[in-house]
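Per-entry structural report
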Amino acid sequence: MPLPTRTQVIIIGAGPAGLLLGQLLHKAGIEALIVERQSAAHVLGRIRAGVIEQTTADALTAAGVGERLHAEGLPHEGIALSVAGRRHRIDLAALTGGRHVTVYGQTEITRDLMAARSAAGLPTVHEAHDVSVHDFDGAAPRVRFTHEGTTHEVRGDFIAGCDGFHGVCRASVPATALRTFEKVYPFGWLGLLADVPPVSPELIYVRSPRGFALCSMRSPTRSRYYLQCPLDSQPGHWSDDAFWAELRLRLDPDTAAQLRTGPALEKSIAPLRSFVTEPMRFGRLFLAGDAAHIVPPTGAKGLNLAASDVSFLAHAFDAHYNAHSDEGLARYSERALARVWKAERFSWWFTSLMHGFPDATGFAERMQDAELAWLLESPAAQAALAENYVGLPLEMH
Ligand code: RFL
Ligand code: PHB
């Protein structure tokens, strides 16, 4: 397919944020070109998020890609916290008036969005090199890149920076125009994917003296486990046996007895970080998803925030092109950040509560113990956790 030289919205990045924005714009009759640095196979090979909020499922449905999510996604009405050798259930549905989350992998969401995009014949450039963004502080932004040895330049009305934390869009805004906020945690997560049945039908977040662990899943036959690990750990240092042995030591005895192990399909390490950029707009460049903010994965919020950002943004572009109103574009950053900061707070809180901190004082450890003990006794504290875990509403006002 020949590449357009002009479009309405140029989307940088074909991760979940860019692909979902592309579908929502298509539904609103708005043209977009997506420019992605990696191949489609590379994007699909990244094992990341697994827990989808109802508002994310709604956005995917609105984008026309809800079918497989509804058929194959696993609705979860509770999670467990395993603390001091005992498992406690947090009844998400009972505490939130019947809300739930859905377990459906980021890989599957990405696959569904890619399939819908190609079925609609919409243009995506994969393996674009030297992507650069220009003139977004004026009326006619441009994007340049090299593809299959040829340099291209595309003009658009707007650029959507959906290119993740290490992307080019945020980095192209003058540093004086942005304020950033960051907290780096002194540990990472080592993840393992295996074709074994999950140890329990619900996710288990584990606080143990040996560190945090998480028991998650992708399907009734595929499990995803994580271990808190030192920042200098490398996946290659961990044999499958060492991973399973360490996980078993962190689980409560009843759960450990149920654990089924098998060969790893994938093992990877992610550092943990909280990061926010303000504002999320600079002229005609709009940042969305990980390009604008990062949360530690404990609250399962990263992909969900990417989806809420692009829902706000698609709504704003729809009003611009179809209702001659720029109010949504003018208020995009403020609306998105209001939700982002609340998810940042929750992710930071849940991370701080559940992990071992190598530099913690005795006092800090007792505070953590006391907060956990209170959480496990108090329906009010559990309701606060549940309300955030299932996802806060999208405030369009
Ligand atoms: P992505 O997925 O990073 O996609 C950005 C895309 O931009 C491309 N790109 C460029 N393209 C063109 N030119 C350039 N110069 C470019 N630079 C980069 C990249 O190749 C990429 O394809 O960002 P996006 O779309 O904003 O999506 C965000 C989510 O991927 C992320 O927030 C989640 O994965 C976070 N996350 C979780 N989120 C949840 O909501 N629930 C979870 O359960 C959950 N678990 C997780 C997670 C993230 C994890 N890791 C590894 C960071 C678990 C883990 C372990
Ligand atoms: C996952 O299944 O990858 C997952 C689930 C819940 C989290 C983080 C990651 O909080």
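We now turn to the structure provided with this report. (Residues numbered from 1 in each chain as written. Chains lettered and ligands numbered in written order. Predicted model: local features only at pLDDT ≥ 70, side-chain atom pairs only at ≥ 80, totals over all residues. Heavy atoms only, no water.)

**Considerations on the sheet that holds strand 18 (residues 281-282)**
Ordered in space as 8-2-1-12-19-18, the six strands form an open sheet in which the pairing is mixed. The open sheet has two free edges, formed respectively by strand 8 (124-125) and strand 18, since each of these has just one partner strand. Relative to strand 2 (residues 32-35), strand 1 (residues 9-12) runs parallel, the two sharing four bridges. Within strand 2, the residue paired with Val9 across the bridge is Ala32. (Pairing = 2+ DSSP bridges. Helix = DSSP H or I, 4+ residues; strand = E, 2+ residues; numbered from the N terminus.)

**Quick word on the site of ligand 2**
Within the structure, ligand 2 sits among 14 residues, and Tyr205, Ser216, Arg218, Tyr226 and Pro297 are positioned closest to it. Measuring from an oxygen atom of ligand 2, one finds a backbone N or O atom of Arg48 at 3.2 Å. Here an oxygen atom of ligand 2 sits 2.8 Å away from a polar atom, N or O, in the side chain of Tyr205. Within the complex, the protein chains bury 97% of what would otherwise be the 280 Å² of accessible surface of ligand 2. (Near = heavy atom within 4 Å. Polar contact = N/O pair within 3.5 Å; in protein donor to acceptor, adjacent residues only side chain to side chain. Areas by Shrake-Rupley, 256 points an atom, 1.4 Å probe, with all protein chains shown as cover.)

**Overview of unusual backbone geometry**
Glu278 connects to Pro279 through a cis peptide bond whose omega is -10°. Secondary-structure assignment places Pro279 in the loop between strand 17 (264-278) and strand 18. The residue Ala84 is not glycine, and still its phi comes out positive at about 50°. If you trace the backbone, Ala84 turns up in the loop between strand 5 (79-83) and strand 6 (86-90). With a relative accessible area of 70%, Ala84 lands in the exposed category. If you check the backbone angles, Asp135 has positive phi at about 60° while not being a glycine. Along the polypeptide, Asp135 turns up in the loop between strand 9 (129-134) and strand 10 (142-147). (Buried < 20%, exposed > 50% of the residue type's maximum accessible area, 1.4 Å probe, protein only.)

**Some remarks on the sheet that holds strand 17**
Across a sheet, paired strands are connected by hydrogen bonds in the backbone, their directions being either parallel or antiparallel. Strand order in this open sheet of eight strands is 6-5-14-15-16-13-17-20, and the pairing throughout is mixed. On the outer flanks of this sheet lie strand 6 and strand 20 (293-294), each paired with one strand and no other. Of the pairings in the sheet, the one linking strand 13 (residues 179-194) to strand 16 (residues 222-229) comprises seven bridges and is antiparallel in character. In the sheet register, Leu193 faces strand 16, and the bridge partner there is Arg224. Along the sheet, helix 11 (residues 327-354) makes contact with strand 5, strand 13, strand 14 (204-208), strand 15 (211-219), strand 17 and strand 20, crossing strand 17 at roughly 125°. (Contact = heavy atoms within 4.5 Å. Axes fitted to C-alpha atoms, helices over the stretch in contact; angles between N-to-C directions.)

**Regarding the site of ligand 1**
Lining the immediate surroundings of ligand 1 are 32 residues, of which Glu36, Arg46, Gln106, Asp290 and Leu303 lie closest. Between ligand 1 and the protein, one listed contact pairs an oxygen atom with a side-chain N or O atom of Arg46 at 2.8 Å. One nitrogen or oxygen atom from the main chain of Gly50 is found 3.1 Å from an oxygen atom belonging to ligand 1. Isolated, ligand 1 exposes 1000 Å² of accessible area, and the fraction of that covered by the protein chains is 89%. If you list the elements that add at least two residues to the shell around ligand 1, you get helix 1 (16-27) and helix 10 (302-323). When residues in the shell around ligand 1 are grouped by element, the largest group, three residues, is from helix 10. When the residues that make up the shell around ligand 1 are grouped by side-chain class, the tally is 15 nonpolar, 10 polar and seven charged. (Nonpolar A, V, L, I, M, F, W, Y, C, P; charged D, E, K, R; others polar.)

**Some points on the pattern of salt bridges**
Side chains that differ in charge, positive against negative, can pair when their charged atoms come close. Applying the stated criterion across every chain yields a total of 22 salt bridges. Where Glu246 meets Arg210, a salt bridge forms, and the shortest distance between an N and an O atom there is 2.9 Å. With a gap of 36 residues between them, Glu246 in helix 8 (residues 240-250) and Arg210 in the loop between strand 14 and strand 15 connect regions that are remote in the sequence. Accessibility expressed as a relative area gives 11% for Glu246, which makes it buried. With a relative accessible area of 45%, Arg210 lands in the partly exposed category. (Salt bridge = Lys/Arg side-chain N within 4 Å of Asp/Glu carboxyl O.)

**Considering the side chain of Arg117**
Tracing the sequence through the fold places Arg117 in helix 6 (residues 106-119). Although Arg117 is buried, it makes no salt bridge; Glu31 carries the closest opposite charge, 9.8 Å away. Polar side-chain contacts of Arg117 include one of 2.8 Å to the side chain of Thr124. Excluding anything up to four places from it in sequence, Arg117 contacts Leu19, Gly22, Gln23, Ala32, Leu33, Ile34, Leu122, Pro123 and Thr124. (Lys, Arg positive; Asp, Glu negative; His and termini not counted.)

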